[in-house]
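# Chains, contacts and geometry: an overview
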Amino acid sequence: MRLRARPGTTRRRWGAIPSIELALTFRRRRNQLILAVLALLPVLVGTTIRVAGIGAGSGGTGMLNQVAGNGLFLVFASLALTVPLFLPVAVGAVAADQVAGDAADGTLRTVLAWPVGRSRLLAAKLLAAVAYAVAATFTVALSALATGAALFPMRDVTLLSGATIPLGAAFGRALLIALVVAGCMAGVAVIGLMISTLTDSPATALAGTVGLIVAAEIVGSVPQLGGLQPFLFSFDWLAFADLLRTPMYWGTITHSLWVQAAYAVICGSLAWARFTSRDLAV
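Everything in this summary refers to the structure shown in the same document. Note that the structure is predicted; figures quoted are calculated from it, not measured.

On to the overall build of the protein. Across its full length, the protein carries 10 helices and 2 strands. Sequence-ordered secondary structure for the protein, helices as α and strands as β, is α-α-α-α-α-α-α-β-β-α-α-α. In the protein, which comprises 282 residues, the proportion classed as buried is 42%. Within the protein, contacts between residues at least 6 apart in sequence are counted, and of these 76% link residues at least 24 apart. Carbon and sulfur atoms make up 67% of the accessible area of the protein, which totals about 13500 Å².

It is worth spelling out the packing of aromatic side chains at this point. Going through the model one piece at a time under the given rule, you end up with 4 aromatic pairs. Centroid distance F26 to Y132: 5.5 Å. Interplanar angle 40°. Geometry classified as tilted. Linking F26 in helix 1 (residues 9-27) with Y132 in helix 7 (residues 118-151), this pair joins segments that are 106 residues apart in sequence. Assessed through its relative accessible area of 0%, Y132 is described here as buried. An aromatic cluster is built from F233, W237 and Y263, whose rings are joined through pairwise contacts.

Another point: the pattern of salt bridges. Taken as a whole, this structure holds 4 salt bridges when the rule is applied. When the shortest N-O distance is used, the salt bridge between K125 and E21 registers 3.2 Å. Of this pair, K125 sits in helix 7 while E21 sits in helix 1; the two residues are 104 residues apart in sequence, bridging distant segments of the chain. Among the residues examined, K125 registers a relative accessible area of 0% and is labelled buried. What makes E21 buried here is its relative accessible area of 4%. One salt bridge connects R30 with D97, and the closest N-O pair in it is separated by 3.8 Å. Residue R30 is found in helix 2 (residues 29-52), and its partner D97 is found in helix 5 (residues 86-105); the two are separated by 67 residues along the sequence. In this structure R30 comes out as partly exposed when scored by relative accessible area, which is 37%. Here D97 falls in the buried class, since its relative accessible area comes to 10%. Sharing partners across several salt bridges, the network here consists of R28, R30 and D97.

Further remarks concern the environment of S143. Among the structural elements, S143 can be located in helix 7. The buried category is assigned to S143, whose relative accessible area is 13%. Residues S143 and P42, spaced 101 residues apart in sequence, show a C-alpha to C-alpha distance of 6.3 Å. Residue contacts for S143: discarding those within four places in its chain leaves A39, P42 and V43. Looking at S143, its side chain comes within polar contact range of the main-chain oxygen of A39, at 2.5 Å.

One way to put it is that helix 7 packs onto helix 8 (residues 167-196) with a least axis distance of 8 Å and a crossing angle of 145°. Between helix 7 and helix 8 lies a crossing whose hand is right-handed. From helix 7, L122, K125, L126, A129, V130, A133, V134, T137, F138, A141 and L145 reach across to helix 8, where they touch F171, L175, A178, L179, V181, A182, M185, A186, A189, V190 and L193.

This part is about the environment of A100. Here A100 shows up in helix 5. Taking relative accessible area as the criterion, A100 reaches 0% and is therefore assigned buried. Along the primary structure A100 and T197 are separated by 97 residues, whereas in three dimensions their C-alpha atoms are 6.4 Å apart. In contact with A100, not counting residues within four places along its chain, are S196, T199, D200, S201, P202 and A205.

Next up on the list: the nonpolar core. Generally speaking, a soluble globular protein has its nonpolar side chains buried in company with each other. Formed by 67 residues in total, the largest nonpolar core has its most connected members in F76, L87 and M185. Of all the secondary structure elements, the ones that give two or more residues to this core are helix 2, helix 3 (62-67), helix 4 (73-82), helix 5, helix 7, helix 8, helix 9 (202-220) and helix 10 (251-277). Top element by residues in this core is helix 8. It accounts for 15 residues.

Calculation notes
- Residues numbered from 1 in each chain as written.
- Predicted model: local features only at pLDDT ≥ 70, side-chain atom pairs only at ≥ 80, totals over all residues.
- Heavy atoms only, no water.
- Helix = DSSP H or I, 4+ residues; strand = E, 2+ residues; numbered from the N terminus.
- Buried < 20%, exposed > 50% of the residue type's maximum accessible area, 1.4 Å probe, protein only.
- Contact = heavy atoms within 4.5 Å.
- Areas by Shrake-Rupley, 256 points an atom, 1.4 Å probe, with all protein chains shown as cover.
- Phe/Tyr/Trp six-rings, centres within 6.5 Å; stacked < 30°, edge-to-face > 60°.
- Salt bridge = Lys/Arg side-chain N within 4 Å of Asp/Glu carboxyl O.
- Polar contact = N/O pair within 3.5 Å; in protein donor to acceptor, adjacent residues only side chain to side chain.
- Axes fitted to C-alpha atoms, helices over the stretch in contact; angles between N-to-C directions.
- Left-handed = near helix turned anticlockwise from the far one by under 90°.
- Core = buried A, V, L, I, M, F, W, Y, C linked by side-chain atoms within 4.5 Å.

Spelled out as structure tokens, the structure:
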């Protein structure tokens with residue numbers, strides 16, 4: 001005789017899936033180590049600036065030149081330093097392990113036996129990957145904020161446009177910048193998840209994701225390929241600097257976020273098609 005689940009059991013089990021995926025993602029030692037390294041980077045940058053005496057008139061340039069005079073600039077400088085490579089690679093590595101890692105260690109076989117459906121399982125994994133992208137971004141931002149406050153004065157901020165805003169308003173700009181960066185990294189998470197559905201090998205998924213990120217950065221740095229650059233998912237990741245002007249300029253940032261959304265829709269659809277059609281349990 002075939003056993004039936006009690007009423008509500010399936011709904012409770014589906015409700016538990018996102019929590020389980022979030023817990024698995026954030027409890028993995030490797031993922032915790034990645035967050036620790038990301039948190040350490042602003043500390044190293046801030047300490048280097050303090051020890052080396054970088055500041056106005058000392059040969060420093062750009063945001064790094066401003067950190068010694070105002071610790072809040074360490075948030076902007078740290079994001080500017082990590083966004084081109086460190087953050088996307090960290091997020092991509094975790095996202096690339098979401099499906100391929102479970103397939104490799106046999107966990108996916110057990111999870112797929114649950115009556116929750118592959119679409120819902122993939123949605124839970126996507127949620128975990130995006131949550132990690134947000135956590136990674138804010139790990140850098142909060143570490144930079146704490147380090148900047150500990151090593152340098154915190155005062156009203158002189159923007160790149162020359163205007164000065166109160167410290168409270170500058171905190172709001174810093175939060176807005178972190179959210180914009182998190183949105184860009186969420187796009188990377190979807191791309192990594194899509195690649196993760198294409199293979200049962202975590203190493204292959206990781207190599208494919210990191211390789212795609214590096215390739216996009218290389219294409220984005222070649223002037224002769226300027227016609228392709230606006231369509232790259234890495235295009236204008238550093239456009240958040242426009243939020244440090246008065247008035248804030250949203251044109252480039254909006255374009256960048258729309259590009260991330262387009263990649264998320266396309267890669268999310270490809271991931272769903274692959275995950276729901278392939279016999280990943282074998």
